[in-house]
Amino acid sequence: MKYKMKLGIWNSVFCVPSVVADNYLKLARGSDIKVLLFLLRNSDEYISSEIIADKLGLSAEQVDESIVFWKDREIIGVDDSGEATPLQKYRKTGDEDVNTQTENKAAVPQIKPVAESLVRKINLERTPDFPPAEIAKTIRNNDKADYLFKHCEILYGRPLNHNEQRTLMIILEDACLPVESALMLVDYCFSINKATPAYMRAMALEWSESEINTIDKAERRVEELKKSDSAIGRFKSMFEINSAFSKQQREMIGKWVNIYGFDDEMINEAYQITLNGAGRLSFPYMNKILEGWHSKGYKNVGQIGMDKKPKKSKKGEKGENASLDITKIEQFMTDKYKKTGGSA
């Protein structure tokens, strides 16, 4: 008996590296897979990004991004002429590696351990890279991490790019935040329309430095941020300004609202005193007033009394913290007017 298999459409095939299926199906976007398959099918041809985009229903920018995606993962290499070639990243394994590591470790002088918090800060500031294989392994072995990644994909409305995936890994691994806290951080960033990797990393660094490493601490921090954000909007209207507050000014507002617990009436009273004393809006001037009220335990305007009047500056004192006692000046001018019989 003779047998013959008719391959039909399988009579013309091309190869796809196994590593693509093993490591990158979850990480790669649909456009990345499309571009790679198109390149493999049309090998030995120079094709522009625009033509590839037209064939695949993508933009030229998406095509270029996908090329970079596979280039960064060392699946393909691209030279200056645009010629793409297959690559293979070799990783040594086995006893030889262990021996080499042992020898290298012995050759390195002992270094004094660095504080864990400082290590985390350095890691966050240097924006460490996480290989796609490591990201995939984390997602595969940690259901909560997998949920975080999927949750972010829903919020973005698309698959995550490598920079976004790396940012989530930084939050989990280097900032040492529990997944639940990371979810709160991510949700807050989306709520204020600042869901960029850079902003998320900056907030992760802040949380790490402040040791916001539990769910309860994360909940309190998010509530404080929301309260400060709301106050910032109101105070811009109160202070009649259109420009954005600086980081230092936002921190002051957060202190006034979250730590001192002052309401808008107290803030406005300090603002009016600042205008009378400094002649303009001055955050350091206001901050000094509010710090004084807080130290004296004042909670409402009725408790302020004479403190709301600016104090006379010391002789030779300059700067925006210097103030003039307007009431005393007016009294002095009135007495002088009476003594001179009304003549100037």
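Residues numbered from 1 in each chain as written. Predicted model: local features only at pLDDT ≥ 70, side-chain atom pairs only at ≥ 80, totals over all residues. Heavy atoms only, no water.

Tallied over the full model, the rule gives 9 salt bridges. Of the charged contacts, one joins K150 and D146 as a salt bridge, the two residues approaching to 3.1 Å between their closest N and O atoms. A residue pair is termed a helical-turn pair when its members lie 3 or 4 positions apart in one helix, as K150 and D146 do in helix α8 (residues 143–156) at 4 residues. A residue is classified by how much of its surface remains accessible, and K150, at 47% relative accessible area, is partly exposed. Notably, a salt bridge pairs E164 with R158, separated by 2.6 Å at the nearest N-O pair. The partly exposed category is assigned to R158, whose relative accessible area is 35%. Sharing partners across several salt bridges, the network here consists of R29, D32 and E65. (Salt bridge = Lys/Arg side-chain N within 4 Å of Asp/Glu carboxyl O. Helix = DSSP H or I, 4+ residues; strand = E, 2+ residues; numbered from the N terminus. Buried < 20%, exposed > 50% of the residue type's maximum accessible area, 1.4 Å probe, protein only.)

Glancing now at unusual backbone geometry. A positive phi angle, close to 55°, is found at E211, a residue other than glycine. When you line up the elements, E211 lands in the loop between α11 (197–209) and α12 (215–238). For E211, a relative accessible area of 46% puts it in the partly exposed group. The residue E240 is not glycine, and still its phi comes out positive at about 55°. Looking at the secondary structure, you find E240 in the loop between α12 and α13 (247–259).

Close reading of the predicted structure is inappropriate where its pLDDT is low. Taken residue by residue, the chain gives an average pLDDT of 75. The fraction at 70 or more is 70%. The spread of mean pLDDT over the elements of the chain runs between helix α5 (residues 95–107), the lowest at 40, and α8, the highest at 92. Overall, residues 89–125 carries pLDDT values under 50, and its contacts beyond four positions in sequence, including any with other chains, amount to 18 contacts. Note that pLDDT drops below 50 for residues 340–344; the model gives that stretch 1 contact with residues more than four away or on any other chain. (pLDDT = per-residue confidence, 0-100. Contact = heavy atoms within 4.5 Å.)

Here we come to the nonpolar core. Counting residues in hydrophobic clusters, the biggest one holds 50 residues, and the most contacted among them are W70, L148, L168, I171, L185, M200 and W207. Tallying contributions element by element places helix α10 (residues 179–191) first for this core, with 8 residues. The residues contacting M200, other than those within four sequence positions of it, are Y156, T167, I171, L185, V186, C189, F190 and A195. Listed in part, the 25 residues of the second largest apolar core include I232, I253, A270 and Y271. (Core = buried A, V, L, I, M, F, W, Y, C linked by side-chain atoms within 4.5 Å.)

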